[in-house]
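# Architecture and fold: a report
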Amino acid sequence: MTVTVKLFGMLRAQLAADSDLKVQLDQGCRVEDLIAAIQLMNPDVGDLLLKRKILVSVNHEMAHGDTELTSSDEIALLPPFSGGSDTPGGMPSDVYR
Amino acid sequence: MSTVDTDAMLVRVQREDFSIDEEINRVRNRSTRIGGIATFLGTARDRSEDRDVSRITFEYYEGMAQKKLREIRDRALQDFDVIEVLILHRYGDIDIGENIVLIVVGAMHRADAFKACKWCIDELKQITPIWKCEQTPDGQVWVEQHP
């Protein structure tokens, strides 16, 4: 199945995408499989996902690694919010483009 | 105006600027029991992390941002002794000095209004998917976090 992943902020530049990313996954895949697929596409972003510096939301709620995905889910990668999540030592604070 | 319409007006993400007086009156008019109204207004400043900033652009996640703001309003109404809460955030290009975000809390007494107002803006910054891009002399900078 193909899932569509929404991208925001600095992630669009990092993944060289406009607003959505299409990812091919097997049926019954979970968020952790999506992260593995993205890591193959961009190891830096994959590492930030594994460290939870970038979060995954599914249908407007924060998802965990074992959250199962379907092709109709609304999935998004969420870089740190501008208000700050106080996550130390994560993503570089700035990305120039 | 129906209750549903009124509630929708109390949590908004919008491009256009807002009138602080109108928004305060929106809360004031909800109840004659209100005896104190606390506000927080966030505005665009021209300096950030030792860099000059000439303009700020806000991006948000349509749907999820509004959902999180509604959750913040609901929790504030539940957890604090307050009567009404309004949360409003702008998106798009915002010039220096312009309004960005407004929290208005009406309560019987000021202490509760102040406490809830501070909690709302702190929570907004933690859980609401809104991103800030600053225009600086070095280019555009996506801001990870701000106090």
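Look a little higher up for the structure.
Residues numbered from 1 in each chain as written. Chains lettered and ligands numbered in written order. Predicted model: local features only at pLDDT ≥ 70, side-chain atom pairs only at ≥ 80, totals over all residues.

Let's shift gears to the overall build of chain A. A count of helices and strands for chain A gives 3 helices and 5 strands. By the burial criterion, 33% of the 97 residues in chain A qualify as buried. Partitioning the contacts of chain A with sequence separation of at least 6, the portion at a separation of at least 24 is 51%. (Helix = DSSP H or I, 4+ residues; strand = E, 2+ residues; numbered from the N terminus. Buried ≥ 20, exposed ≤ 12 C-beta atoms within 10 Å, placed from the backbone. Contact = placed C-beta atoms within 7 Å.)

Turning to the sheet that holds strand β4 (residues 61-62) of chain A, a few remarks are in order. Residues and elements named next belong to chain A. Spatially, 5 strands are ordered β2-β1-β5-β3-β4 in an open sheet, and the strand pairing comes out mixed. What marks the edges here is a single partner per strand, and that holds for β2 (20-24) and β4. Pairing of strand β3 (residues 55-58) with strand β5 (residues 75-78) involves 4 bridges; the strand directions are antiparallel. Bridge pairing in β5 links Ser57 to Ala76. (Pairing = 2+ DSSP bridges.)

Quick look at the environment of Leu34 of chain A now. Residue and element names in this part refer to chain A. With respect to the secondary-structure elements, Leu34 resides in helix α2 (residues 31-41). Each C-alpha atom of the pair Leu34 and Gly65 lies 9.0 Å from the other, and the pair is 31 residues apart in sequence. Leaving out residues up to four positions away in the same chain, Leu34 has contacts with Val3, Val23, Leu25, Cys29 and Leu69.

Turning our eyes to something else, we now look at the sheet that holds strand β2 (residues 36-43) of chain B. All names here are of chain B. Ordered in space as β1-β6-β8-β2, the 4 strands form an open sheet in which the pairing is mixed. Of all the strands in the sheet, the pair left with one neighbour each is β1 (11-14) and β2. Here the average twist between neighbouring strands, direction ignored, is 5°. Pairing analysis gives 6 bridges linking strand β6 (residues 84-90) to strand β8 (residues 99-107), with the strands arranged antiparallel. In the sheet register, Leu86 faces β8, and the bridge partner there is Val104. Of the strands in this sheet, β2, β6 and β8 touch helix α2 (residues 20-28), which is tilted by about 25° from β8. In the packing of helix α4 (residues 110-127) onto the sheet, contacts are made with β2, β6 and β8, and the angle to β8 comes to roughly 145°. (Axes fitted to C-alpha atoms, helices over the stretch in contact; angles between N-to-C directions.)

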